[in-house]
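Each chain, written out:
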Amino acid sequence: MKISTRLATIVGASAIAAGAFTTIAGTADAATSTQATKLKCHYNVVRVPKGAYLKVFKKADYKKSPVIGSLSRTAKRVPGACKVTVGKSRVRYIKVKAGNGRIGYTGAAYLKKVR
């Protein structure tokens, strides 16, 4: 094993033992929980054909934004924002939490607000 590789391994192990990475993980959890608190409304997925799913995009632009998750066609009480976002080409989006836990945008036409 090279000296530089061995030194990196020792430094990494020491940092973990000292708890240096605990702060980084705590910051990520705080950011995720802040996003989740903004999703106060709930929606049911509607008008999605059998065998299909509802795509969740990173940004409110289905043409240029990557897909970051999906919602089942039978998903119920999906947490989402109460405010509709109008994206490019005048498409209406709602910020939701995808099935994999990531936050993104999906078409408002396929969501029905639940009380």
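Residues numbered from 1 in each chain as written. Predicted model: local features only at pLDDT ≥ 70, side-chain atom pairs only at ≥ 80, totals over all residues. Heavy atoms only, no water.

Draft legend 1. Spotlight on the side chain of Asp-61. With respect to the helices and strands, the residue Asp-61 is situated in the loop between β2 (53–57) and β3 (67–72). One buried charge, Asp-61, has no salt-bridge partner; the nearest side chain with opposite charge is Lys-88, at 5.0 Å. With residues near it in sequence (within four places) discarded, Asp-61 still touches Lys-88 and Tyr-93. (Helix = DSSP H or I, 4+ residues; strand = E, 2+ residues; numbered from the N terminus. Buried < 20%, exposed > 50% of the residue type's maximum accessible area, 1.4 Å probe, protein only. Lys, Arg positive; Asp, Glu negative; His and termini not counted. Salt bridge = Lys/Arg side-chain N within 4 Å of Asp/Glu carboxyl O. Contact = heavy atoms within 4.5 Å.)

Draft legend 2. View of the nonpolar core. Grouped together as the largest cluster of nonpolar side chains are 15 residues, with contacts concentrated most on Val-45, Leu-71, Val-96 and Leu-111. Contributions of two or more residues to this core are made by β1 (41–45), β2, β3 and β5 (92–97). Take this core: its biggest share by element is three residues, from β1. (Core = buried A, V, L, I, M, F, W, Y, C linked by side-chain atoms within 4.5 Å.)

Draft legend 3. Structural detail: the layout of surface pockets. Quantified by volume, the largest pocket comes out at close to 170 Å³. Residue lining of the largest pocket: 14 residues in total, with Tyr-53, Leu-54, Lys-55, Thr-106 and Tyr-110 positioned closest to the centre. Contributions of two or more residues to the lining of the largest pocket are made by β2 and β6 (103–107). Considering each element in turn, the lining of the largest pocket owes the most residues, four residues, to β2. Among the residues forming the lining of the largest pocket, the class breakdown is ten nonpolar, two polar and two charged. (1 Å grid on protein atoms, 1.4 Å probe; cavity = no way out; pocket = protein on both sides within 12 Å on 5 of 7 lines; lining within 4 Å. Points joined across faces, edges and corners; volume = space filled by probe spheres on them. Nonpolar A, V, L, I, M, F, W, Y, C, P; charged D, E, K, R; others polar.)

Draft legend 4. Examining unusual backbone geometry more closely. Even without being a glycine, Arg-77 presents a positive backbone phi close to 50°. Note that Arg-77 resides in the loop between β3 and β4 (78–86). Since its relative accessible area comes to 43%, Arg-77 is described here as partly exposed.

Draft legend 5. The arrangement of the state of the cysteines in detail. Tallied over the entire structure, the rule returns one disulfide. One disulfide in the model links Cys-41 with Cys-82; its S-S distance is 1.8 Å. With the S-S bond torsion at 105°, the cross-link from Cys-41 to Cys-82 turns out right-handed. Residue Cys-41 is found in strand β1, and its partner Cys-82 is found in strand β4; the two are separated by 41 residues along the sequence. Look at Cys-82 and you get partly exposed, because its relative accessible area is 44%. (Disulfide = S-S within 2.5 Å.)

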